[in-house]
Every structure is written in C-alpha cells, then in structure tokens.
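Residue-level listing of the chains:
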Amino acid sequence: QTDGISLLPFIQQEKLNLERTIFWVRREGGGYNGQSYYAARKGNIKLLQNQPFEPFVLYDLSKDPLEKNPMDPKNSPEGQLLKKALMEHIQASGKIPWQKAD
C-alpha cells in the first residue's frame, strides 16, 4: 500500500497542507550513470540537490521563494532534521521485502 497525498490541489493553486514532509527522487541514466538526486520539503523549508554530485542546499521559501540564496543545511537545525528524514526515506524505499529488518 502506498502512503501519499494528492498534489493536485497544489498544482491547481489551492491550499495544501505542507506540514507533512514531501520527498522527490529523480534517477538519471546516461552521463549520470544511474545517479539520483533529491529534494525534500516540510512547511517552508526545502532541501535540494540539483545535480547528483553536488552538496545539498537549503532554502526557506518564506524568505527566498525564488531559491536565489542557498544555505548550508549543516548550519540549520531544520535542515539537519530534513536531511535525516530524507536519508531515512531513501533507506526505507530501497529495502527489499525479503531482507531482514533492523
């Protein structure tokens, strides 16, 4: 069973509850050799990796809606929590059903 919410209200510019953490994963082939890059958002805080080999950056979309001034997530408690949640999401989504759970 999939645990998710519809993003249609957001696309239609209606109100969307962003208190839930939302994750994006994009897997690339070709020149990226199957690498992935990621984003996560909770409320107005967004963690982003636009290229597979670059470090994560953090944005406070309430202050920087155009994402012009990236911040280092290491310098933000919210950024650290969002990165931890993203890493846990990546690990959980990559588990194979027959593997032993930790």
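These figures come from a predicted structure and were not determined experimentally. Residue positions are given per chain, counting from 1 as you read along its sequence in written order. In view of the model being predicted, local features appear only for residues whose pLDDT reaches at least 70, and side-chain atom pairs are presented and counted only at 80 or more, with totals across whole chains, interfaces and linings using the full set of residues. Water and hydrogen atoms were dropped before computing side-chain values, which therefore reflect all heavy atoms in the structure.

(A) The arrangement of the sheet that holds strand β3 (residues 45-48) in detail. Here the rule is simple: two strands pair whenever DSSP picks up at least two bridges between them. Secondary structure elements are defined from DSSP: runs of H or I of at least 4 residues count as helices, runs of E of at least 2 residues count as strands, and each element is numbered from the N terminus. One open sheet holds the 4 strands; their spatial order is β1-β2-β3-β4, and the pairing between them is antiparallel. Each end of this open sheet is capped by a strand with a single partner; those strands are β1 (22-27) and β4 (57-60). Within this sheet the neighbouring strands show an average axis-to-axis angle of 15°, counted without direction. With 4 bridges joining them, β3 and β4 adopt antiparallel strand pairing. The angle between two axes is taken between their N-to-C directions and runs from 0 to 180 degrees, where each axis is a line fitted to C-alpha atoms and a helix contributes only its stretch in contact.

(B) Broad picture of the pattern of salt bridges. Salt bridge, as used here: a side-chain nitrogen of Lys or Arg that lies within 4 Å of a carboxyl oxygen of Asp or Glu. Taken as a whole and assessed by the stated rule, the structure comprises 3 salt bridges. Two residues, Lys46 and Glu67, come together in a salt bridge whose shortest N-O distance is 2.7 Å. A residue pair is termed long-range when its members are at least 10 positions apart, and Lys46 in strand β3 and Glu67 in the loop between β4 and α2 (77-93) qualify at 21 residues. Exposure categories follow from relative accessible area, calculated using a 1.4 Å probe and restricted to protein chains: below 20% of the type maximum is buried, above 50% is exposed, and the middle band is partly exposed. Glu67 gets classed as partly exposed once you look at its relative accessible area, which sits at 24%. Its salt-bridge partner being Lys84, residue Glu88 comes within 2.8 Å of it at the nearest N-O pair.

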